[in-house]
Amino acid sequence: MLRAAPSAAAAPLAGGVSVIYYRFKSGLSWDAVRISGSALSVRDLKAAIRDKCGLTGADYDLQLSAEDGKVYSSDAELLQEFTQVLVARTPRLEAPGSSRRYSSKHRQRSKSPQRQKCYQSEASPFHETKQQQEEELAMMEGLTEDEKLDFIIRQSTQKYDSVRFRSQQPRPDGPPPAGYTCNRCRVSGQHWARQCPGLTDCSGNRLDPARVQRPSGIPSDFLQILPTKVDGAYLMKDGRYAVPKMDA
């Protein structure tokens, strides 16, 4: 695609005003910046392009280059009038407020003695201090090779003991509320599940909760109370046994 270029004559504008032509690499049309003399520095041309295009960002810089690829790297270099330059926006590494500067400041702050002390105080259970390591070495003095190996194995397993990772939640004291039901014996409001004595029938026999059958969903009018336990009988809440009347 052909791009519009400045006039071939490149003559001064009316009134003897000189210009420098510029075009963004991502654009198609040329524009011009008026200058009062016969030359303008790269620094001043960048400032003029920023003002004319309304570029206020501080995280990038403008890179000026000629059409043959030459880059104007020095801000003090002078550009003659009617020069044609290409403009490109490039990231400014030392820009105030840029992410690079923020990350470097953040790294410096993270290395401060106060933050180092904070990290040490919040060390994981796997972290050993130098004093703990010296104590372990002192305990290994005078041991044989086999005893040292056993000692190392015990110390390594203690670090990964499941007790170190259990959450210690406070347990309630006193009698449970009336709405609390033990999930083992299904008795409400008498004891906590950890204090459950187990299931007992009316004769005082201890029963296995996993083997007890409850008459869930069967109305009491359809049940026949039994004096003794039989195979397949249901255990009632009062500890007596019952079977369906149709099976009695």
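A brief report on the enclosed structure follows. For clarity, every value in this text was computed on a predicted model and none was experimentally measured. (Residues numbered from 1 in each chain as written. Predicted model: local features only at pLDDT ≥ 70, side-chain atom pairs only at ≥ 80, totals over all residues. Heavy atoms only, no water.)

Before going further, it helps to spend a moment on the packing of aromatic side chains. In the structure shown here, the tally under the stated rule is 2 aromatic pairs. Seen from their ring centres, Tyr 22 and Phe 24 are 6.3 Å apart, and the 85° between their planes marks the pair as edge-to-face. The two residues Tyr 22 and Phe 24 agree in class, both being buried. When the ring of Tyr 180 is compared with that of Trp 192, the centres are 4.8 Å apart and the planes differ by 55°; the resulting orientation is tilted. With a gap of 12 residues between them, Tyr 180 in the loop between α5 (145–159) and β7 (199–200) and Trp 192 in the loop between α5 and β7 connect regions that are remote in the sequence. Above the face of the Tyr 60 ring, Arg 89 is positioned so that its terminal group lies 5.9 Å from the ring centre. (Phe/Tyr/Trp six-rings, centres within 6.5 Å; stacked < 30°, edge-to-face > 60°. Buried < 20%, exposed > 50% of the residue type's maximum accessible area, 1.4 Å probe, protein only. Helix = DSSP H or I, 4+ residues; strand = E, 2+ residues; numbered from the N terminus. Lys NZ or Arg CZ within 6 Å of the ring centre and 35° of its normal.)

Take the sheet that holds strand β2 (residues 31–35) next. The strand order β2-β1-β6-β4 describes an open sheet built from 4 strands, whose pairing is mixed. Of all strands in the sheet, those with a lone pairing partner are β2 and β4 (60–65), marking the two edges. On average, adjacent strands in this sheet sit at an angle of 35° to one another, irrespective of strand direction. Of the strand pairs in this sheet, strand β1 (residues 18–24) and β2 are connected by 5 bridges, and their pairing is antiparallel. (Pairing = 2+ DSSP bridges. Axes fitted to C-alpha atoms, helices over the stretch in contact; angles between N-to-C directions.)

What follows concerns the layout of surface pockets. Where empty space is left can be seen by rolling a probe of water-molecule size over the atoms. Its boundaries defined by the atoms lining it, the largest pocket holds a volume of some 410 Å³. In this structure, the largest pocket is lined by 18 residues; those nearest its centre are Cys 185, Val 187, Arg 214, Met 236 and Lys 237. A class-by-class count of the residues in the lining of the largest pocket yields 7 nonpolar, 7 polar and 4 charged. Estimates place the volume of the second largest pocket at around 200 Å³. The wall of the second largest pocket is formed by Leu 207, Asp 208, Arg 211, Val 212, Gln 213, Lys 229, Val 230, Asp 231, Gly 232, Ala 233, Leu 235 and Tyr 241. Taken together, the residues of the lining of the second largest pocket break down into 6 nonpolar, 2 polar and 4 charged. (1 Å grid on protein atoms, 1.4 Å probe; cavity = no way out; pocket = protein on both sides within 12 Å on 5 of 7 lines; lining within 4 Å. Points joined across faces, edges and corners; volume = space filled by probe spheres on them. Nonpolar A, V, L, I, M, F, W, Y, C, P; charged D, E, K, R; others polar.)

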